[in-house]
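Letter by letter, the chains look like this.
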Amino acid sequence: MSNASDFISENGVLIKYNGKDSVITIPTDVTEIGTEAFAGKKKITEITVPGAVAKIGHNAFKGCS
């Protein structure tokens, strides 16, 4: 399970995920997933997105399976 310290966010925008987990739960205070926030994280198999997320940036999951 992901740790809060694995996420870089600013003003509710998730800018980057730096963790190595395959199962991710995005923090509940995130309202937007930024451009390429998870790009290249090939080991991710599952992401739980909170209901408050209203926007997902371009290529946010680029390279993810």
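Quick caveat: nothing in here was measured; it's all calculated off a predicted structure.

## Some thoughts on the packing of aromatic side chains
Applying the stated criterion across every chain, the model contains three aromatic pairs. Taken together, a centroid distance of 5.1 Å and an interplanar angle of 50° make the contact between Phe-7 and Tyr-17 tilted. On the criterion of sequence distance, the pair formed by Phe-7 in strand β1 (residues 7–10) and Tyr-17 in strand β2 (residues 13–17) is long-range, its members being 10 residues apart. Residue classification places Phe-7 among the buried residues on the basis of a relative accessible area of 10%. The buried category is assigned to Tyr-17, whose relative accessible area is 0%. Three or more aromatic residues joined by ring pairs make a cluster, and in this case those are Phe-7, Tyr-17, Phe-38 and Phe-61.

## Things to note about the pairing of β2
Bridge count between β1 and β2: four bridges; the pairing is antiparallel. Each residue of the ladder has a partner; that of Phe-7, found in β2, is Tyr-17. If you look at the hairpin formed by β1 and β2, you'll find two residues sitting between the two strands, and Asn-11 has a positive phi there, around 50°. Relative to strand β4 (residues 32–33), β2 is paired through two bridges, and the arrangement is parallel. What sits directly across from Leu-14, in β4, is Ile-33.

## Here we look at the sheet that holds β1
Pairing is mixed in the open sheet, where four strands are placed in the order β1-β2-β4-β6. Looking at the sheet topology across the chains shown, the edges are occupied by β1 and β6 (55–56).

## Here we look at the nonpolar core
Residues Phe-7, Leu-14, Tyr-17, Ile-24, Ile-26, Val-30, Ile-33, Ala-37, Phe-38, Ile-44, Val-53 and Ala-60 constitute the largest nonpolar core, which totals 12 residues. For Val-53, the contacting residues outside a window of four places in its chain are Val-30, Thr-31, Glu-32 and Ile-33.

## As for unusual backbone geometry
Not every positive phi belongs to a glycine, and Asn-11 is a case in point at roughly 50°. Inspection of the secondary structure assignment puts Asn-11 in the loop between β1 and β2. A relative accessible area of 75% means that Asn-11 is categorised as exposed.

Calculation criteria
Just so you know, the residues in each chain are numbered from 1, in the order the chain's sequence is written. Residues qualify for local features only when their pLDDT is at least 70, as the model is predicted, and side-chain atom pairs are given and counted only at 80 or more; totals for whole chains, interfaces and linings, by contrast, use all residues. Hydrogens and water are ignored here; the side-chain numbers use all heavy atoms of the structure. Each Phe, Tyr or Trp ring, with Trp reduced to its six-membered ring, pairs with another whose centre is within 6.5 Å; inter-plane angles below 30 degrees give stacked pairs, above 60 give edge-to-face pairs, and intermediate values give tilted ones. Only runs of H or I of at least four residues qualify as helices and only runs of E of at least two qualify as strands under DSSP, and these elements are numbered from the N terminus. Relative accessible area decides the class of each residue, using a 1.4 Å probe on protein chains only: under 20% of the type maximum gives buried, over 50% gives exposed, and in between gives partly exposed. Two strands qualify as a pair provided DSSP detects at least 2 bridges between them. Think of a nonpolar core as a cluster: buried Ala, Val, Leu, Ile, Met, Phe, Trp, Tyr and Cys residues, connected wherever their side-chain atoms sit within 4.5 Å. In what follows, residue pairs with any heavy atoms lying within 4.5 Å of each other are defined as contacts.

Remember that the coordinates give geometry; whether it matters functionally is a separate question.
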